[in-house]
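# Observations on the model geometry
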Amino acid sequence: NMKHHGGSLETKRNARMLEALRRYAPVSSLYLQQITGGVAVGSTIADLRKCGVNIPPAEYVGKTKDGNKIYLYDIIQKGGEI
C-alpha cells in the first residue's frame, strides 16, 4: 500500500531535506543529494514548498562533469534565525 505523502513534513525524505537546508543553505543540489542519501532534490523541494516552507527559486550554477545541472537552494527561516 504505497501512499504519496508529498505534502507532509513528517516523511523522512522531507524532514531530512528540511534539516539539510536549515543547516547548510545556501547549498547546491549536488551536495543536498549527497547528504540526504540521493533523494530527488527538485521534487522534495517542491513538496516542502507545498508545506509552506519558504524556499526561493533555485539559482542555476553550472553542471557536473557528467552534464547534470547544479542548482543553489536557499531557505528563508522565520524570524531570521540561522
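The sections below set out a description of the structure shown in this document. Keep in mind that this is a model prediction, so the values were computed, not measured. (Residues numbered from 1 in each chain as written. Predicted model: local features only at pLDDT ≥ 70, side-chain atom pairs only at ≥ 80, totals over all residues. Heavy atoms only, no water.)

## A closer look at helix α1 (residues 12–24)
In plain terms, the rule: Each helix is a run of H or I in the DSSP string that is no shorter than four residues. Each strand is a run of E no shorter than two, and both are numbered from the N terminus. Take the residue count of a helix, subtract one, and multiply by 1.5 Å to get its expected span. Throughout, exposure labels follow a simple rule: accessible area from a 1.4 Å probe, protein chains only, divided by the maximum for the residue type, with under 20% read as buried, over 50% as exposed, and the rest as partly exposed. Arc definition: it is the arc formed by the directions from the helix axis to the C-beta atoms. We call two residues in contact whenever any of their non-hydrogen atoms come within 4.5 Å of each other.
Between its first and last C-alpha atoms α1 spans 18 Å; for 13 residues at 1.5 Å apiece the expected length is 18 Å, and the two agree. Among all positions in α1, only Asn 14, Met 17, Leu 18, Ala 20 and Leu 21 are buried. In a view along the axis of α1, the buried residues occupy a sector of 160 degrees, so they form one face of it. Of the residues in α1, the exposed ones pointing more than 90 degrees away from the buried face are Lys 12 and Arg 23. Against the buried residues of α1 lie β1 (27–28), α2 (29–35), α3 (41–50) and β3 (69–73).

## Concerning the sheet that holds β3
Worth spelling out the cut-off: When DSSP finds at least two bridges between two strands, those strands are taken to pair.
If you trace the three strands from one edge of the open sheet to the other, you get β1-β3-β2, paired in antiparallel fashion. Here the strands that pair on one side only, and so sit at the sheet edges, are β1 and β2 (59–63). Inspection of the sheet shows β1 paired to β3 by two bridges, in the antiparallel sense. Counterpart to Ser 28 in the pairing with β3 is Leu 72.

## A short note on the side chain of Thr 64
Take Thr 64: it is sitting in the loop between β2 and β3. Owing to a relative accessible area of 17%, Thr 64 belongs among the buried residues under this scheme. Once residues within four sequence positions are removed from consideration, Thr 64 is found in contact with Leu 30 and Ile 70.

## Considerations on the pairing of β2
Each regular strand carries side chains that alternate between the two faces of the sheet. Examined bridge by bridge, β2 and β3 share four bridges and lie antiparallel to one another. From the neighbouring strand, Gly 62 faces β3, where its bridge partner is Ile 70. Connecting β2 to the antiparallel partner β3 that follows it, the hairpin turn spans five residues, and Gly 67 within it adopts a positive phi of roughly 95 degrees.

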